[in-house]
Amino acid sequence: MLKKIGLSGWIGIGLLAGVLVGAVAPDFAKQLKPLGDVFIRMIKMIVVPLIFSSLVMGIAGTGNFKKLGRLGGKAILWFELATTLALFIALFAVNVVEPGVGVNLTASGGATDIVNKAASKGQMDHVQMLVNIIPTNIIDAMARGDMLQIIFFSCMFAIAAASLGKEGKQIVDLSKSIAHIMFKVTHYVMYISPIGIFGAIAYTVGAFGIEMLIPLLKLVFTLYAGLIVFLTIVLGIASALTKVNLFKLFFALKEPTILAFTTAASEAALPIAMEKLKKMGIPNHIVSFVLPLGYTFNLDGSTLYSALAVVFIAQVYGMPFPIDQQILMMITLMLSTKGIAGVPGGSLIVVAATSAAFGLPVEGLALILGIDRVLDMGRTVCNLLGNCIAAAIVGRWEHEVSAETLTRHIEHPLTDEEVAALEQKHLEAMANTHA
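These notes cover the structure that comes with them. Here the structure is a predicted model, which means the values were calculated and not measured. (Residues numbered from 1 in each chain as written. Predicted model: local features only at pLDDT ≥ 70, side-chain atom pairs only at ≥ 80, totals over all residues. Heavy atoms only, no water.)

**Some points on the overall build of the protein**
The helix and strand tally for the protein stands at 22 helices and 0 strands. Counting only residues that meet the buried cut, the protein has 54% of its 435 residues in that class. The contacts in the protein between residues at least 6 apart in sequence include a share of 86% that link residues at least 24 apart. As displayed, the protein has an accessible area near 18900 Å², and 67% of this comes from carbon and sulfur atoms. (Helix = DSSP H or I, 4+ residues; strand = E, 2+ residues; numbered from the N terminus. Buried < 20%, exposed > 50% of the residue type's maximum accessible area, 1.4 Å probe, protein only. Contact = heavy atoms within 4.5 Å. Areas by Shrake-Rupley, 256 points an atom, 1.4 Å probe, with all protein chains shown as cover.)

**What to know about the packing of aromatic side chains**
With the rule as written, the count across this model stands at 6 aromatic pairs. Geometrically, the ring pair formed by Trp 78 and Trp 397 is edge-to-face, given 6.4 Å between the ring centres and 85° between the ring planes. Taken together, the positions of Trp 78 in helix α4 (residues 65-97) and Trp 397 in helix α20 (residues 372-397) put the pair 319 residues apart, joining distant regions of the chain. The buried category is assigned to Trp 78, whose relative accessible area is 3%. Aromatic pair Phe 250 and Phe 251: ring centres 5.6 Å apart, planes at 85°, arrangement edge-to-face. Given a relative accessible area of 59%, Phe 251 falls into the exposed group. The structure contains a cluster of three or more aromatic residues connected by ring pairs, namely Phe 52, Phe 153 and Phe 157. Its end group placed over the ring of Tyr 203, Lys 33 keeps NZ or CZ at 5.5 Å from the ring centre. Lying across the ring of Tyr 305, Arg 379 places its NZ or CZ 4.1 Å from the centre. (Phe/Tyr/Trp six-rings, centres within 6.5 Å; stacked < 30°, edge-to-face > 60°. Lys NZ or Arg CZ within 6 Å of the ring centre and 35° of its normal.)

**Some details on the pattern of salt bridges**
All told, the structure shown has 10 salt bridges when counted by the stated rule. A salt bridge links Arg 144 to Asp 140, with the shortest nitrogen-to-oxygen separation between them at 2.9 Å. Here Arg 144 pairs with Asp 140, and both are found in helix α7 (residues 138-144), just 4 residues apart, close to one helical turn. On the basis of relative accessible area, Asp 140 is assigned to the partly exposed category, the value being 36%. Residues Lys 169 and Asp 173 are paired through a salt bridge, measuring 3.2 Å at the closest nitrogen-oxygen approach. One end of the pair is Lys 169 and the other is Asp 173, both in helix α9 (residues 166-190) and 4 residues apart, which spans about a single turn. Looking at Asp 173, the relative accessible area reads 37%, which means it is partly exposed. What you see here is one network of salt bridges that share partners, running through Arg 70, Lys 74 and Glu 398. (Salt bridge = Lys/Arg side-chain N within 4 Å of Asp/Glu carboxyl O.)

**Some points on helix α15 (residues 284-297)**
Look at α15: 20 Å from first C-alpha to last across 14 residues, which is about the 20 Å you get at 1.5 Å a residue. Burial analysis of α15 places 14 of its 14 residues in the buried class, the great majority of the element. (Expected span 1.5 Å × (residues − 1).)

**Focus on the nonpolar core**
In globular proteins that are soluble, nonpolar side chains generally tend to be buried together. Membership of the largest hydrophobic core comes to 118 residues, with the highest contact counts inside it found for Trp 78, Phe 230, Phe 289, Val 290, Leu 304, Met 329 and Leu 406. The element contributing the most residues to this core is α20, with 13 residues. The residues touching Phe 230, leaving out its near neighbours within four places in the chain, are Ala 82, Leu 85, Ala 86, Ile 89, Asp 300, Leu 304 and Cys 382. (Core = buried A, V, L, I, M, F, W, Y, C linked by side-chain atoms within 4.5 Å.)

**Thoughts on the packing of helix α14 (residues 266-278) against α20**
Here α14 crosses α20 at 25°, and the two axes come no closer than 11 Å. For the element pair α14 / α20, the angle class is roughly parallel. When the axes of α14 and α20 are compared, the crossing they make is right-handed. Across the interface between the two elements, Ser 266, Ala 269, Ala 273 and Leu 277 of α14 pack against Thr 380, Leu 384, Cys 388 and Ala 391 of α20. Its residues assigned to classes, the contact of α14 with α20 comprises 6 nonpolar, 2 polar and no charged. (Axes fitted to C-alpha atoms, helices over the stretch in contact; angles between N-to-C directions. Parallel < 35°, antiparallel > 145°, perpendicular 65-115°, else oblique. Left-handed = near helix turned anticlockwise from the far one by under 90°. Nonpolar A, V, L, I, M, F, W, Y, C, P; charged D, E, K, R; others polar.)

**Things to note about the environment of Leu 16**
Here Leu 16 is to be found in helix α1 (residues 2-24). For Leu 16, a relative accessible area of 61% corresponds to the exposed category. Separated by 181 residues in the primary sequence, Leu 16 and Ile 197 place their C-alpha atoms 9.6 Å from one another.

**Some words on unusual backbone geometry**
Its identity is not glycine, yet Glu 98 carries a phi of approximately 50°, on the positive side. Mapped onto the fold, Glu 98 is located in the loop between α4 and α5 (109-120). One non-glycine residue with positive phi stands out, namely Lys 243, at about 60°. For Lys 243, a relative accessible area of 69% translates into the label exposed.

**Examining the side chain of Asn 298**
Checked against the element boundaries, Asn 298 lands in the loop between α15 and α16 (300-316). For Asn 298, the contacting residues outside a window of four places in its chain are Phe 79, Ala 82, Thr 83, Asn 383, Gly 386, Asn 387 and Ala 390.

**Structural notes on the packing of helix α8 (residues 147-163) against α15**
For the pair α8 and α15, the least separation of the axes is 9 Å and the interaxial angle reads 145°. For the pair α8 and α15, the crossing hand works out as left-handed. Touching Met 147, Leu 148, Ile 151 and Cys 155 of α8 are Phe 289, Pro 292, Leu 293, Thr 296 and Phe 297, all from α15. Grouping the amino acids of the contact of α8 with α15 by side-chain chemistry returns 8 nonpolar, 1 polar and no charged.

**Quick notes on the environment of Leu 50**
Within the fold, Leu 50 resides in helix α3 (residues 33-59). Classification of Leu 50 by relative accessible area gives buried; the value is 1%. For the pair Leu 50 and Ile 178, spaced 128 residues apart in sequence, the C-alpha separation works out to 7.5 Å.

Right, dumping it as structure tokens:
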């Protein structure tokens, strides 16, 4: 009976149990935070070796920058289209619903101090961000989990390995073995995911409670409605472009989606999302390249939230914020939200700095901090699903997965053995093309 429930069922049970415990016994629920923290730390320890080995294994078969440039160009084109759509939906939602009108809250001094510190950092230096793509110490970059630096080094390393021929093949084979081992470790960690999810959601409900949400329910509703509308439109566009019903992708990715929602941590869902996409027939070199890249350039949920939060602050204080200024703000956010995943409190810094730049009181952001965890859960799911959709789009644009194959394997995923055979087939095909 217990075996028939399956992992997805146990994750759902852990989620519901966590909500119940958090609501009934909030003091006890707060003490369960270490359960969620341990689970997230176990996932994070997998991410860096998995990304590095997967990229080396997948890209070494190409052995040239032309393939990488094409992949990166198509991915970033889709990222920009999705980000622009997210910003327009945010502006439409916040101007129609007006969640800040009528809000009369007093933020705590501590929250105000946090916001002021974030605002004092100013806008991010995007020239320096481009320079920082190149790591000075790859071990340090891996320790910090800087995805963009890891991707850059991994691509260079993979191309160099491919250029060595037989000598480099040993490195590729080693990377393949490491990637497969890390996916096996992911399976082991997933066995305790219901316990981790139980602890994470129990702490969230116990620490923040329903009473914290009530005054700002309108804001929560606006954000979640905007995220749902965005994902619906993006899935519709992506389905038309790929000629595949990608709405089924949401159900196929239910496990990483629940992980992202309950933990509000993108890293928690990344390994299992990569595995799910590969089992849909999307090649490893696309999955392992597009997903990490997306967490730097395609944070659709965070971008939508940032635009909504800035206009919300203007509405709370009753300050005029005409549409022409909102469009200028949108253009600003298109740039300033790039790279925020690698900056602690990145969304907070972007919203605070943008508010200050347009003459809005940054103290208004302190009102949101009390429910930021609830908002973060939704935007993390959107970030995850947006990047999974991007991987499917790039796979189809590259003609490396057919519409029929993708449709079939979304509903009937490949086995681990079939994924391994498919990876080998792609490596051989790319090696022959390069030769």
